[in-house]
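# Structural features, examined
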Amino acid sequence: MPPLYAGAHRTIGALLRTLWPTTVTGLENIPADTGAILCSNHHAIADQLFLGVNTPRHIAFWAKAEYFRAPGVRGNLTRRVVTGMGAIPVERAGGRAVLAAFDAAIPILRAGGLVAVFPEGTRSPDGRLYRGRTGAVRLAAQAGVPVVPVGIRGTDQVRPAGRRLPRRHPISLSFGPPIPVEVNSALDARRLTDDLIAAIQSLTAQEYVPAYAPRPA
C-alpha cells in the first residue's frame, strides 16, 4: 500500500467511520494477495471514499488525467497526491483515450492489485440500479482476474440533492463472492455483466432498470 494512501486510510478512514457509522460484511471475499476488480453500484462521489477506507487493501481508483499535469504550485501538490495515492490517469476525451486508461489498469491487476470500477458507468440519478456496461468484465478478462460485486448503501443520504453540507447517516458495504470471468464473445461479456449487476442487486435490494443510466447534463 503506498505510504500516502496508508496514511489517509488510517486518519481519514477513522474520521469517516466515526462520523458515519459503517457496517461492512463479506471482506473475506476480497482476494488476499491476487488481483481483482471491485465492482460497485454508484450513488454518490462518497462511494469511492467509503469503499477505499473500508477495504483493507490498496485500491487503484481512476483520476482525471489533468490532475497529473496541472501547472503551478497547486498543480504540483495535486500531482503528488494523485501519484502518491496510486491513482490511474484517465482522459475525458473518450474513445481510445478511455481505452488507454483500461490498458494502464491491466499491469496493476496482473501484479495482484485491486482496481475499482462502477459498471453502471455513472452515478444513479434516482437511487435505482441501472444496466451495466461491459467494460469491467472485458478488463477482468484481459487481466485474468475475477470481479467482486460490492453493494453500497446510504451514501446517497450523506449529501442529498439540495443540501449544502453533509449529514450523518448509516453506511453499509457488502462484498459478494468473486465471479470468475472468461470472455470469448460479445454475448459472453453481456451475460457476465448482467450476472454481475444481478449480484450487486442482491446486496443492495435496489430496483433494477434495464437501461443505461443517463449521463449528467
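## Digging into the packing of aromatic side chains
- Summed over all chains, the structure comprises two aromatic pairs.
- The interplanar angle of 90 degrees and the centroid separation of 6.0 Å between the aromatic rings of W20 and F50 together place this pair among those described as edge-to-face. With W20 in the loop between α1 (3-19) and β1 (22-25) and F50 in helix α2 (residues 46-53), this pair connects stretches of sequence that are 30 residues apart. Each member of the pair, W20 together with F50, is buried.
- Look at W62 and F102: their rings are 5.4 Å apart centre to centre, the planes differ by 15 degrees, and that puts the pair in the stacked class. One end of the pair, W62, is in strand β4 (residues 62-64); the other, F102, is in helix α4 (residues 96-110), and 40 residues separate them in sequence.
- Among the residues examined, W62 registers a relative accessible area of 22% and is labelled partly exposed.

## A word on the sheet that holds strand β6 (residues 114-117)
- The strand order β1-β9-β8-β2-β6-β3 describes an open sheet built from six strands, whose pairing is mixed. Of all the strands in the sheet, the pair left with one neighbour each is β1 and β3 (59-60).
- Where strand β8 (residues 147-153) meets strand β9 (residues 171-175), four bridges bridge the pair, whose relative direction is antiparallel. Bridge assignment links R153 to a residue of β9, and that residue is S172.
- Those strands touched by α2 are β1, β2 (36-40), β3, β6, β8 and β9, and its axis lies near 65 degrees from that of β9.

## Observations concerning helix α5 (residues 135-143)
- Among all positions of α5, only A136, V137, L139, A140 and A143 are buried. Viewed along the axis of α5, the buried residues span an arc of 160 degrees, placing them on a single side of the element.
- One or two positions beyond α5, positive phi appears at G144, with a value near 75 degrees.

## A short note on the packing of α1 against α2
- Across the interface, α1 lies against α2 with an axial gap of 9 Å and an inter-helix angle of 110 degrees. The orientation of α1 relative to α2 falls into the category roughly perpendicular. Along the contact surface, α1 presents Y5, H9, G13, L16 and R17, while α2 presents L49, F50, G52 and V53.

## Focus on a nonpolar patch on the surface
- Where nonpolar side chains cluster on the molecular surface, the patch consists of L4, L77 and V81 and spans about 250 Å² of accessible area.
- Checked against the element boundaries, L77 lands in helix α3 (residues 72-84).
- Relative accessible area serves as the criterion here: at 54%, L77 is assigned to the exposed category.

Rules used throughout
Position numbers for residues start from 1 in each chain and track the written sequence from start to end. Where local features are concerned, this predicted model is filtered to residues with pLDDT of at least 70; where side-chain atom pairs are given and counted, the filter is 80 or more; whole-chain, interface and lining totals use all residues. Excluding hydrogens and water, the side-chain values take into account all heavy atoms of the structure. Here a pair means two rings of Phe, Tyr or Trp (six-membered ring of Trp) with centres within 6.5 Å. Their orientation is stacked below 30 degrees between planes, edge-to-face above 60, and tilted elsewhere. Helical segments are the DSSP runs of H or I of at least four residues, strand segments are the runs of E of at least two, and each set is numbered from the N terminus. Categorising residues by exposure relies on relative accessible area from a 1.4 Å probe, with only protein chains included: less than 20% of the type maximum marks a residue as buried, more than 50% marks it as exposed, and the intermediate range marks it as partly exposed. Here, a strand pair is defined by DSSP locating no fewer than two bridges between the strands. Residues are treated as being in contact if the distance between any of their heavy atoms lies within 4.5 Å. In this analysis an axis means a line fitted to C-alpha atoms, helices contributing only their contacting stretch, and an angle means the value between N-to-C directions, from 0 to 180 degrees. Picture the helix axis, draw a direction to every C-beta atom, and the arc is the one those directions span. In what follows, roughly perpendicular refers to angles from 65 to 115 degrees, roughly parallel to angles under 35, roughly antiparallel to angles over 145, and oblique to any angle outside these ranges. Patch definition: residues above 30% relative accessible area lacking any salt bridge, with like charges linked at up to 9 Å and the nonpolar side chains Val, Leu, Ile, Met, Phe, Trp and Tyr linked at up to 5 Å. For accessible areas, the Shrake-Rupley method is used with a probe of radius 1.4 Å. Any residue's cover is judged against the shown protein chains and nothing else. Throughout this description, the term salt bridge denotes a Lys or Arg side-chain nitrogen within 4 Å of a carboxyl oxygen of Asp or Glu.

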